[in-house]
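# Structural features, examined
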Amino acid sequence: MTANVAAFDGNAISPETSAFLARSHKLLIGGAWVDSGQSMETRDPATGLALASFAIGGAHEIDLAVKAARRAFNGPWTRMPAAERIALLSRLARLMEQNARLLAELDIVDNGMPRFIAELTVANCVEMVDYYTGAILRIEGTTTAPPRHITAETEALTYTLREPVGVVGQIVPWNVPLSTAILKLAPALAAGCTVVVKPSEETPLSLLALGELILDAGLPEGVVNIVNGTGAEAGAALAGHPDVDKISFTGSTATGRKIVHAATGNLKKVSLELGGKSPVVVMPDADLNLAVPGVALATFFLQGQNCMAGTRVFVHEAIHDRLMDGLATFSQAMVLGHGLNPATQQGPMISDAHTRKVMGYIDGARAAGATLVTGGKRLDRPGNFIQPTIFTDVAADMAVAREEIFGPVMSVLRFSTTDLDEIAAMANASPFGLSGSVWTTSLSTAHRLAARIRSGHVSINCHGAVGTNIPFGGYGQSGWGREFGQEGLDAYLETKAVTARL
Ligand code: NAD
């Protein structure tokens, strides 16, 4: 199926992306592209038009992929000298760099993200592969005092080894397709694990292109397997597979619960990066020049389809009206459109069904008595566009204040106290704890609030300031474990203690 280039608001895609879309898209199992006889179609959420069809697998294909990953784990990958693994992963990073436009354009047309986010994402992904490749030579254990009952009799030596966890299943969402996969793949491969990736059925394309680059880089067969399919079939089969040693999952909290249940059979290890409803606290002394664009983008970045989205905005009454004026002006000026257009600041929702869900929250907030500051409408044009929407006078018990909406909807809750414990208690009144931000010109207030907010990541006078080397993950129902940085690598390593009687 060839993409309708005219449908991209007149913004042409590169010949490489066009050629990629026109190819047939199979499953990567054991180093070969395999057909399953079943397929799905993926659509451009900015236009609703079909982009490509792709093969999907179920329990049988997942089983084949796990077997291929096990063979690679028992064979070439784990035993490969570090220098060779470094060379292969470095080659992959360079191929990703050379194909940056293809990877970015596929996430733009498949997911709808604006070009500047897609380009940033690909650059971050290359950095991520380089970062973990560089860490391979620093995977090291320790020496320690041997146990007393051995040393009572003889000299001895105790040391630890860091070893790969084994065959890892990685299940990823649609909101940043390439990135959520790379930040799992890069540390897993550096650690010496082999992998079965299950992309989201909404956004299969960039990971299929990555699969081609993985083969071009020369990674041994079976080290990375990519099986598209639905969550209910392929995802559930991977999470429950008895020969998978670990599942690393990014997605909704509801699916995270299912993953945990499915993992109990063989007690595989589980890492979870789940949903959020992150607080943004704006103190009366906040610098509005920073806070207006910063708070707006805390919610509207990636059209709000962002796990870190700061959608519970607590605003001190002394600054409330000035902030609302600034946020309304900023949001109304945001350019909505196709992600391929460099002017676009906000793209579409991923699907019509998700758009209707987000609109349901907007209608619900109106009905519950929240005050609409700006936005609130679905655009009358093809695709799934919702205006940046701000509600104030939101009460803490309204659904828009409690639930993850995953759309461009900000809930503003006004407060009058300056007691930091009371403010933190409001911010912490959520089962989630993924991100958060504090806006103030007082150094003391900033750090005291950062210490009080129960969340894996807090930014001061900015929001969602994540990076390759900075650990990221959730408190509470936002997840288990950390990705990025050294902790992201540790998540794929076991520690073995060895004692030798000398
Ligand atoms: P989702 O939970 O619906 O799906 C995520 C993945 O799980 C998909 O690949 C899906 O096919 C698969 N899946 C669905 N049901 C499954 C099952 N029963 N067993 C196994 N796999 C199954 O989430 P989504 O809608 O794709 O993504 C949005 C969610 O992801 C939001 O809640 C967002 O906050 C979260 N997210 C979190 C982070 C983070 O780092 N914490 C990052 C990005 C997205």
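Residues numbered from 1 in each chain as written. Predicted model: local features only at pLDDT ≥ 70, side-chain atom pairs only at ≥ 80, totals over all residues. Heavy atoms only, no water.

### Looking at the domain arrangement of the chain
Quick reminder of the rule: Those domain boundaries reflect an automatic or database domain assignment. Only heavy atoms matter for contacts: two residues are in contact if any of them lie within 4.5 Å across the pair. Defined in terms of a 1.4 Å probe, buried area is the accessible area two parts forfeit on being brought together, summed over both. Any N or O atom pair separated by 3.5 Å or less is treated as a polar contact, with the protein-specific requirement of one donor-capable and one acceptor-capable atom, and with residues adjacent in sequence counted only for side-chain atom pairs.
Domain boundaries assigned for the chain yield domain 1 (16-274 + 479-499) and domain 2 (279-467). Each of domain 1 and domain 2 has a C-alpha centre, and these two points are 31 Å apart. If you look at the interface, domain 1 gives 25 residues, while domain 2 gives 28 residues. Counting each side, the surface lost to burial between domain 1 and domain 2 is near 2000 Å², with a carbon and sulfur contribution of 65%. Contact with domain 2 buries area across many residues of domain 1, yet Pro45, Ala46 and Trp174 alone supply 25% of it, more than any other trio. Viewed at the interface, domain 2 and domain 1 are joined by five residue pairs in polar contact (both at pLDDT 80 or more).

### Points about the environment of Gly347
What counts, and what does not: Under the DSSP-based scheme used, a helix requires at least four consecutive residues in state H or I and a strand at least two consecutive residues in state E, with every element numbered from the N terminus. Three labels apply to residues, based on accessible area from a 1.4 Å probe with only protein chains included: buried if under 20% of the type maximum, exposed if over 50%, partly exposed otherwise in between.
Within the fold, Gly347 resides in the loop between α13 (317-332) and α14 (352-368). Residue classification places Gly347 among the buried positions, given a relative accessible area of 1%. Sequence-wise, Gly347 and Gln303 are 44 residues apart; in three dimensions their C-alpha atoms are separated by 6.2 Å. Leave out the neighbours within four places in its chain, and Gly347 touches Gly112, Pro114, Gln303, Gly337 and Phe385.

### Considerations on the side chain of His354
One can find His354 in helix α14. Beyond its immediate chain neighbours, meaning those up to four positions away, His354 contacts Trp174, Gln305, Met349, Ile405 and Phe406.

### Observations regarding the pattern of salt bridges
What counts here: Should a side-chain nitrogen of Lys or Arg be within 4 Å of a carboxyl oxygen of Asp or Glu, the pair is scored as a salt bridge.
What the rule picks out here adds up to 22 salt bridges. Between Glu163 and Lys496 there is a salt bridge; the shortest N-O distance is 3.1 Å. Here Lys496 lies in strand β20 (residues 493-501) and Glu163 lies in strand β6 (residues 156-164), a separation of 333 residues in the sequence. A residue is classified by how much of its surface remains accessible, and Glu163, at 27% relative accessible area, is partly exposed. We classify Lys496 as partly exposed; its relative accessible area is 38%. A salt bridge links Lys198 to Glu201, with the shortest nitrogen-to-oxygen separation between them at 3.2 Å. With a relative accessible area of 25%, Glu201 lands in the partly exposed category. Because the salt bridges share partners, they merge into one network encompassing Arg101, Glu105, Arg115 and Glu119.

### Digging into the site of the ligand
In plain terms, the rule: We call a residue near a molecule or strand as soon as one heavy atom of that residue lies within 4 Å of the molecule or strand. Here the accessible surface of atoms and residues is derived via Shrake-Rupley with a 1.4 Å probe, and residues count as covered only by protein chains that are part of the display. Three categories are distinguished: nonpolar for Ala, Val, Leu, Ile, Met, Phe, Trp, Tyr, Cys and Pro, charged for Asp, Glu, Lys and Arg, and polar for the others, with Gly belonging to the last.
Not every one of the 27 residues close to the ligand is listed here, only the nearest: Lys198, Glu201, Ser252, Thr255 and Glu404. One of the side-chain N or O atoms of Lys198 is found 2.7 Å from an oxygen atom in the ligand. One nitrogen or oxygen atom from the side chain of Ser252 is found 2.7 Å from an oxygen atom belonging to the ligand. For the ligand, whose accessible area on its own is 850 Å², the fraction buried by protein is 87%. Across the shell around the ligand, the residue classes break down as 13 nonpolar, nine polar and five charged. Residues from two domains meet in the shell around the ligand; each of domain 1 (16-274 + 479-499) and domain 2 (279-467) gives at least three.

### Details of the sheet that holds β20
Threshold: Note on pairing: two strands pair once DSSP finds at least 2 bridges between them.
Spatially, the three strands line up as an open sheet ordered β5-β6-β20, and their pairing is antiparallel. If you trace the sheet from one side to the other, it starts and ends with β5 (143-144) and β20, each paired once. Across nine bridges, the pairing between β6 and β20 is antiparallel. Paired with Ala156 across the bridge in β20 is Arg501.

### Brief notes about the sheet that holds strand β16 (residues 409-415)
To keep things clear, this is the line we draw: For every element, the axis is a line fit to its C-alpha atoms; helices are fit only across the contacting stretch, and the angle between N-to-C directions ranges from 0 to 180 degrees.
Read across the sheet, seven strands follow the order β14-β15-β16-β13-β12-β17-β18 without closing on themselves; strand pairing throughout is mixed. Of all strands in the sheet, those bounded by a partner on one side alone are β14 (371-374) and β18 (459-460). Pairing of strand β13 (residues 312-316) with β16 involves five bridges; the strand directions are parallel. Bridge pairing in β16 places His316 opposite Phe415. Each of β12 (279-282), β13 and β16 is contacted by helix α16 (residues 420-427), which is oriented at about 155° to β13, the strand it contacts most.

### Points about helix α11 (residues 253-262)
Defined as follows: For this quantity, the arc is that covered by the directions from the helix axis to the C-beta atoms.
For α11, the set of buried residues is Thr253, Gly256 and Ile259. Within α11, the buried residues cover an arc of 100° as seen down the axis, which keeps them to one side. Within α11, the exposed residues directed more than 90 degrees away from the buried face are Ala254, Lys258 and His261.

### As for the pairing of strand β10 (residues 246-250)
Where burial is concerned, most of β10 is hidden: five out of the five residues are buried. Side-chain alternation along β10 places Lys246, Ser248 and Thr250 on one buried face and Ile247 and Phe249 on a second face that is also buried. With four bridges joining them, strand β7 (residues 167-171) and β10 adopt parallel strand pairing. Across the sheet, residue Val168 finds its bridge partner in β10, namely Lys246.

### Considering the packing of aromatic side chains
Short version of the rule: Each aromatic pair joins two rings of Phe, Tyr and Trp (for Trp, the six-membered one) with centres within 6.5 Å, and gets the label stacked for planes under 30 degrees apart, edge-to-face for over 60, and tilted for any other angle.
Following the criterion strictly, the structure yields four aromatic pairs and no others. Measuring from centroid to centroid gives 4.9 Å for Tyr131 and Tyr132, while their planes differ by 85°, and the two rings are edge-to-face. Residue classification places Tyr132 among the buried positions, given a relative accessible area of 1%. Taken together, a centroid distance of 5.9 Å and an interplanar angle of 90° make the contact between Phe472 and Phe484 edge-to-face.

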